[in-house]
Amino acid sequence: MKKKKPRNITPKAKQSTVSNLLERAVQYHQAGDLRRAETLYREALKFEPQNSDALNLLGAIAIQEVRYEEAVQLLQQAISLNQTSPGFYNNLGLAHWQLGHFAEAVECHQQALRLEPKDAIAYNNLGNARRSLHQIEEAITCYQRAVTLDAHYADAYTNLGQLLEEQKQLPQAIACYQQAVTLNPEEVDAYTGLAVIFTDQGQWSQAITCFQQALALTPQQAWLYTKLGNVFQKQNQ
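Calculation rules
Residues numbered from 1 in each chain as written. Predicted model: local features only at pLDDT ≥ 70, side-chain atom pairs only at ≥ 80, totals over all residues. Heavy atoms only, no water. Helix = DSSP H or I, 4+ residues; strand = E, 2+ residues; numbered from the N terminus. Rg over C-alpha atoms; globule rule 2.2 N^0.38 Å. Buried < 20%, exposed > 50% of the residue type's maximum accessible area, 1.4 Å probe, protein only. Contact = heavy atoms within 4.5 Å. Areas by Shrake-Rupley, 256 points an atom, 1.4 Å probe, with all protein chains shown as cover. Lys, Arg positive; Asp, Glu negative; His and termini not counted. Charge placed at Lys NZ, Arg CZ, Asp CG, Glu CD. Axes fitted to C-alpha atoms, helices over the stretch in contact; angles between N-to-C directions. Parallel < 35°, antiparallel > 145°, perpendicular 65-115°, else oblique. Left-handed = near helix turned anticlockwise from the far one by under 90°. Nonpolar A, V, L, I, M, F, W, Y, C, P; charged D, E, K, R; others polar.

Novice: Residue-level account of the overall build of the protein, with values.
Specialist: When you go through the protein residue by residue, the secondary structure sums to 13 helices and zero strands. Traced from its N-terminal end to its C-terminal end, the protein shows the element sequence α-α-α-α-α-α-α-α-α-α-α-α-α. Expected size for 237 residues packed as a compact globule is a radius of gyration near 18 Å; at 23 Å, the protein overshoots this value by more than 25%. Taken along the three principal axes of its C-alpha coordinates, the protein extends 95 × 40 × 30 Å. In the protein, which comprises 237 residues, the share counted as buried stands at 43%. Once local pairs closer than 6 in sequence are excluded, the contacts in the protein between residues at least 24 apart make up 42%. Surface summary for the protein: the accessible area is close to 13,500 Å², and the carbon and sulfur share equals 49%. Taking the 21 positively charged and 23 negatively charged side chains of the protein as two groups, their mean positions are separated by 15 Å.

The structure is reproduced here in structure tokens:
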């Protein structure tokens, strides 16, 4: 008996298979199951090695798992196949930033903004890169643009508040931190920022409340207990 030869998969069937694999992978990715997501992304690449979406999403997983060098390679490969996706440049910028390649990160986020000028996330990321290069005024402008584009962007309000605090623009910093915790009650950096400002201003009750909020979110931070203890002492003097 002759064995049947395996049929070659048709282009339409291959496209359907890749689409199904990516759809399932994204579901696992969004659910936080990175291992299964990565397996399916790589399976999709076996069918379509030049699928830029799969490469980009593998790069995103590499960033999440602190494999930044690998992320850069994957994302550069994705961009070589598709230069029109702002998300690809944003992810590459994040990987470069984590590696300390701040100038490269700036270039990536700027390119993302050329492709999508109203991308609040890209402005926030660009602000982080500018801040790392000590380009403070430029970073402030980026964060301001981010919250203008997305009034519910808690992280950007916190980042803006931190820089305004550094610049001794305390009323504006307080307003940013307060907006951040209103939008996201788990924005721990905003609580600590408020706590430090209120401590410096001698507003003990407000400082205590903010330190307690921060500790409720991050009880492992020993320095917060020390700061809170110091405030209690000062309040009782």
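Novice: Explain the packing of helix 6 (residues 102-115) against helix 7 (residues 120-132) residue by residue, including any values.
Specialist: Taken N-terminus to C-terminus, the directions of helix 6 and helix 7 make an angle of 155 degrees; their axes are 9 Å apart at the nearest point. What the angle tells us is that helix 6 and helix 7 run roughly antiparallel. Helix 7 is crossed by helix 6, and the crossing has left-handed handedness. Touching Phe 102, Ala 105, Val 106, His 109, Gln 110, Ala 112 and Leu 113 of helix 6 are Ala 122, Tyr 123, Asn 125, Leu 126, Ala 129, Arg 130 and Ser 132, all from helix 7. Residue classes in the contact of helix 6 with helix 7 are distributed as nine nonpolar, four polar and one charged.

Novice: Tell me about unusual backbone geometry, residues and numbers included.
Specialist: Positioned with a positive phi, Val 66 is a non-glycine residue whose angle comes to about 60 degrees. Residue Val 66 is classed as exposed on the basis of its relative accessible area of 55%. The phi torsion at Lys 168 lies on the positive side, around 65 degrees, for a residue other than glycine. Within the secondary structure, Lys 168 is located in the loop between helix 9 (154-166) and helix 10 (170-183). Assessed through its relative accessible area of 67%, Lys 168 is described here as exposed.

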